[in-house]
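In case you want the letters, here they are:
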Amino acid sequence: MSATAYAEISSAVLSVPAATPAEAAAHYAARLAFEADVSDVHTDLGSGAPGIVVVDTRSTAGWDQGHIPGALHIPTARIADLAPRLIDPDRTVVTYCWGPGCNGATRAALAFARLGYQVKEMLGGFEYWAREGFAYDSATGTGQRPVDDLTAPRSGVSCAC
């Protein structure tokens, strides 16, 4: 393609210029300070890594339908009342709700932050926990779905990204 023809093509991606590398580094570091993904949470829970407590912020019906093994159940409306009694303030709280279409984990993270807790939101919520093939507990026992290969490698081994 000639330089003239190339210059006539407009870019949807670059219609807003990319941030400087320093701005991008600050932005992505900040995102990682606020968010964790299901694979990292699963790894930490499986290894017994200290320092986090995972909190399911959904209703009892959601909890009964399925939840992360070892998670605490504190619906968002009860955080201010229950968190000080149940969670060591030196631990980092990881909140989750249904999935990426729900901002319940974000609301819960805000409630924990307002109480003085360090907090991260688990991206993907319970939906992606189940879709990545991780076992979950429910009112009827333990469940596990096949790995959705649009969310994780079929092998079930971490993508290591």
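Shown above is the structure to which this text applies.
### Remarks on the nonpolar core
Link 1 in the chain: Membership of the largest hydrophobic core comes to 16 residues, with the highest contact counts inside it found for Val41, Val54, Ile68, Tyr96, Met122 and Trp129.
Link 2 in the chain: Of all the secondary-structure elements, those providing two or more residues to this core are helix H3 (38–47), strand E2 (52–56), strand E4 (92–96) and helix H7 (125–131).
Link 3 in the chain: In terms of residue count, the dominant contributor to this core is H7 (three residues).
Link 4 in the chain: Each residue touching Trp129, except ones within four places of it in the same chain, is listed here: Val38, Val41, His42, Leu45, Ile68, Pro69, Met122, Phe134, Ala135 and Tyr136.
Link 5 in the chain: Ile74, Ile79, Ala109 and Val119 belong to the second-largest nonpolar core, a separate cluster that totals 13 residues.

### What to know about the sheet that holds strand E5 (residues 119–123)
Link 1 in the chain: As summarised here, the arrangement of the five strands in space is E1-E5-E4-E2-E3, forming an open sheet in which the pairing is parallel. Only two strands of the sheet have a single neighbouring strand rather than two, namely strand E1 (35–37) and strand E3 (72–73).
Link 2 in the chain: As paired elements, E1 and E5 share three bridges and run parallel to each other. Each residue of the ladder has a partner; that of Asp37, found in E5, is Leu123.

### Some details on H3
Link 1 in the chain: Three or more residues of H3 are buried, namely Val38, Ser39 and Val41. Considered in projection along H3, the buried side chains sweep an arc of 160° and stay on one side of the axis.
Link 2 in the chain: Looking at the buried positions of H3, the neighbouring elements they touch are E1, E2, E4, E5 and H7.
Link 3 in the chain: Two or three places before Ser39, at the opening of H3, Asp37 has a side-chain oxygen 3.2 Å from that residue's backbone nitrogen.
Link 4 in the chain: One or two steps after H3, the chain reaches Gly48, where phi turns positive at roughly 75°.

### Let's talk about helix H5 (residues 79–86)
Link 1 in the chain: Buried within H5 are the following residues: Ile79, Leu82 and Ala83. Projected down its long axis, H5 carries its buried residues within an arc of 105°, all on one side. Exposed residues on H5 whose side chains face more than 90 degrees from its buried face are Ala80, Pro84 and Arg85.
Link 2 in the chain: Against the buried residues of H5 lie helix H6 (104–114).

### Examining the pairing of E2
Link 1 in the chain: Counting buried positions along E2 yields five of five residues, so the element is predominantly enclosed.
Link 2 in the chain: Neither face of E2 is open: one carries Ile52, Val54 and Asp56, the other Val53 and Val55, and all of them are buried.
Link 3 in the chain: As paired strands, E2 and E4 are joined by five bridges and run parallel to one another. Along E4, the bridge assignment pairs Val54 with Val94.
Link 4 in the chain: Judged from the two bridges that link them, E2 and E3 form a sheet pairing that is parallel. Within E3, the position partnered with Val55 by the bridge is Leu72.

### A word on the pattern of salt bridges
Oppositely charged side chains can pair when the atoms bearing their charge come close.
Link 1 in the chain: Within this structure, the stated rule accounts for six salt bridges.
Link 2 in the chain: In this structure, Asp56 and Arg58 form a salt bridge, with 2.6 Å as the shortest nitrogen-oxygen distance.
Link 3 in the chain: Using a relative accessible area of 0% as the deciding quantity, one classes Asp56 as buried.
Link 4 in the chain: Asp148 is the salt-bridge partner of Arg131, the closest N and O atoms lying 2.5 Å from each other. In this pair, Arg131 is assigned in helix H7 and Asp148 in the segment after strand E7 (141–143), connecting sequence segments 17 residues apart.
Link 5 in the chain: Residues participating in the shared-partner salt-bridge network are Arg78, Asp81 and Arg85.

Criteria and cut-off values
- Residues numbered from 1 in each chain as written.
- Predicted model: local features only at pLDDT ≥ 70, side-chain atom pairs only at ≥ 80, totals over all residues.
- Heavy atoms only, no water.
- Core = buried A, V, L, I, M, F, W, Y, C linked by side-chain atoms within 4.5 Å.
- Buried < 20%, exposed > 50% of the residue type's maximum accessible area, 1.4 Å probe, protein only.
- Helix = DSSP H or I, 4+ residues; strand = E, 2+ residues; numbered from the N terminus.
- Contact = heavy atoms within 4.5 Å.
- Pairing = 2+ DSSP bridges.
- Arc of directions from axis to C-beta.
- Polar contact = N/O pair within 3.5 Å; in protein donor to acceptor, adjacent residues only side chain to side chain.
- Salt bridge = Lys/Arg side-chain N within 4 Å of Asp/Glu carboxyl O.

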